[in-house]
2 protein chains.
Amino acid sequence: MQQLKYSRQRESIKNFLMTRKDHPTADVVYTNVRKEYPNISLGTVYRNLSLLSERGEIMKISTGDGPDRFDGNPLPHYHFICKKCESVMDLEMESIDEINEKANANFNGIVEGHMAYFYGCCENCKPN
Amino acid sequence: MQQLKYSRQRESIKNFLMTRKDHPTADVVYTNVRKEYPNISLGTVYRNLSLLSERGEIMKISTGDGPDRFDGNPLPHYHFICKKCESVMDLEMESIDEINEKANANFNGIVEGHMAYFYGCCENCKPN
DNA sequence: TTAATAATAGTAATGATTACTATTTTATTA
DNA sequence: TAATAAAATAGTAATCATTACTATTATTAA
């Protein structure tokens, strides 16, 4: 890995992400960081989001539908995606790491981990 | 949902998918179905793959990295993605549906299901 | 058989993301 | 502090996967 140099733009991107609980897309990060750095380019946003998630400082969430989203909290946790409003939110739940062992049981390779998210209907979209 | 009309192209796409265990991309489906229908267009392949997966006849696999893949077997099962060779393979494992309850436990919305895949090193890429 | 409508081929457009490059910032060292 | 090296940037172009558009063709129902 090449050595890292400080950049104000990267710091601003990370700070912005940490203020948000809604896991914004790169584009939303871009429009917001532009308030502080009007000349920042979308490429810089993407490059830094990739860089930060590779280094484990933020988390990238691929929903399999629509653009990637980013979470300023890199600690392991799961996400819920509402099928109606498409919002993405954090779940507080006990560990499900035992599913790795289940996956490994009849498998000849090596299962190192998993990717998972949950979907359904969020509180706001729920009919009363 | 609008009414469905038979098409030879759709049948060929589905037949091709059922002969494969490697979960090909739309592009791979395209190049193969073209052997039978040289004039088929990529748009037709995409449209039918979407249509078939919406109707539950095939399964769409979003890897969050690279193009989507398709599985001719629509019955619920999980996939493993090799981080080295990027191949996608089926896993035979016991149910992990209990994770839905775990996700629901402290959640105010309604968890209807989950999406999950496993990753690591496949048998072929494993150092001996 | 005709009429309706769904599906197609071919092409253009879109959206998200990455690549390129000349310039500017940051960090190191004389 | 000034000079240098290296990394990051802005701005733009390019790429990739996928979807949209439209005139024509195929399928199905009457």
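The structure contained in this document is the topic of the report that follows. (Residues numbered from 1 in each chain as written. Chains lettered and ligands numbered in written order. Predicted model: local features only at pLDDT ≥ 70, side-chain atom pairs only at ≥ 80, totals over all residues. Heavy atoms only, no water.)

1. Side note on the pattern of salt bridges
By the definition in use, this model includes 14 salt bridges over all chains. Measuring nitrogen to oxygen at the nearest pair gives 3.1 Å for the salt bridge that ties Lys83(B) to Glu112(A). Of this pair, Lys83(B) sits in the loop between strand 3 (78-82) and strand 4 (88-91) while Glu112(A) sits in strand 5 (residues 110-121), placing the two residues on different chains. Of the charged contacts in the structure, one is a salt bridge between Arg55(B) and Glu57(B), with a shortest N-O distance of 3.1 Å. (Salt bridge = Lys/Arg side-chain N within 4 Å of Asp/Glu carboxyl O. Helix = DSSP H or I, 4+ residues; strand = E, 2+ residues; numbered from the N terminus.)

2. Structural notes on the packing of helix 1 (residues 8-19) of chain A against helix 3 (residues 42-54) of chain A
Residue and element names in this part refer to chain A. Viewed as axis vectors pointing N to C, helix 1 and helix 3 meet at an angle of 70 degrees, and their least axial separation amounts to 10 Å. By the angle between their axes, helix 1 is roughly perpendicular relative to helix 3. Judged by the sense of rotation from one axis to the other, the crossing of helix 1 with helix 3 is right-handed. Between helix 1 and helix 3, the contacting residues are Gln9, Arg10, Ile13, Lys14 and Leu17 on the first element and Thr44, Val45, Asn48, Leu49, Leu51 and Leu52 on the second. The class makeup of the residues in the contact of helix 1 with helix 3 is six nonpolar, three polar and two charged. (Axes fitted to C-alpha atoms, helices over the stretch in contact; angles between N-to-C directions. Parallel < 35°, antiparallel > 145°, perpendicular 65-115°, else oblique. Left-handed = near helix turned anticlockwise from the far one by under 90°. Contact = heavy atoms within 4.5 Å. Nonpolar A, V, L, I, M, F, W, Y, C, P; charged D, E, K, R; others polar.)

3. Quick word on the protein's contact with DNA strand C
Around DNA strand C, 20 residues are found, and the nearest of them are Tyr46(A), Lys5(B), Ser7(B), Thr44(B) and Arg47(B). Counting only atoms of DNA strand C within 4 Å of the protein, the sugar-phosphate share comes to 81%. A distance of 2.5 Å is found between a phosphate oxygen of DNA strand C and a side-chain nitrogen or oxygen belonging to Tyr46(A). Counting residues per element, the ones that place at least two in the surface near DNA strand C are helix 3 of chain A together with helix 1 (8-19) and helix 3 (42-54) of chain B. Of the residues forming the surface near DNA strand C, the biggest block, three residues, is contributed by helix 3 of chain B. Grouping the constituent residues of the surface near DNA strand C by class yields six nonpolar, eight polar and six charged. (Near = heavy atom within 4 Å. Polar contact = N/O pair within 3.5 Å; in protein donor to acceptor, adjacent residues only side chain to side chain.)

4. Looking at the protein's contact with DNA strand D
Taken together, 20 residues are adjacent to DNA strand D, and Lys5(A), Ser7(A), Thr44(A), Arg47(A) and Tyr46(B) come closest. Within 4 Å of the protein, the contacting atoms of DNA strand D are 79% sugar and phosphate, with bases supplying the remainder. Ser7(A) places a polar side-chain atom, nitrogen or oxygen, 2.6 Å from a phosphate oxygen of DNA strand D. Here a phosphate oxygen of DNA strand D sits 2.6 Å away from a polar atom, N or O, in the side chain of Tyr46(B). Among the secondary structure elements, those contributing two or more residues to the surface near DNA strand D are helix 1 and helix 3 of chain A together with helix 3 of chain B. The element that contributes the greatest number of residues to the surface near DNA strand D is helix 3 of chain A, accounting for three residues.

5. Topic: the interface of chain B and chain A
Between chain B and chain A, the residue contacts involve 35 residues of the former and 35 residues of the latter. Buried area between chain B and chain A, summed over both chains or domains, comes out near 3100 Å², and the portion from carbon and sulfur atoms is 61%. Scanning the region where chain B abuts chain A turns up six salt bridges. In this structure, Lys102(B) and Glu94(A) form a salt bridge, with 3.8 Å as the shortest nitrogen-oxygen distance. Linking chain B to chain A there are 18 residue pairs in polar contact (both at pLDDT 80 or more). Taken together, the elements giving at least two residues each to the side of chain B that touches chain A come down to strand 4, helix 4 (98-104) and strand 5 (110-121) of chain B. (Buried area = accessible area lost by both parts, 1.4 Å probe.)

6. Section: the relation of the copies chain B and chain A
Superposing chain B onto chain A takes a rotation of 180 degrees plus a shift of 0.0 Å along the axis, which leaves an RMSD of 0.0 Å. Between the two chains, the operation in question is that of a two-fold axis. By C-alpha distance to the rotation axis, the residue of chain B lying nearest is Ala116(B), at 2.1 Å. Most of the interface of chain B is mirrored in chain A, where 100% of its interface residues again form contacts. (Least-squares fit on C-alpha atoms with pLDDT ≥ 70 in both.)

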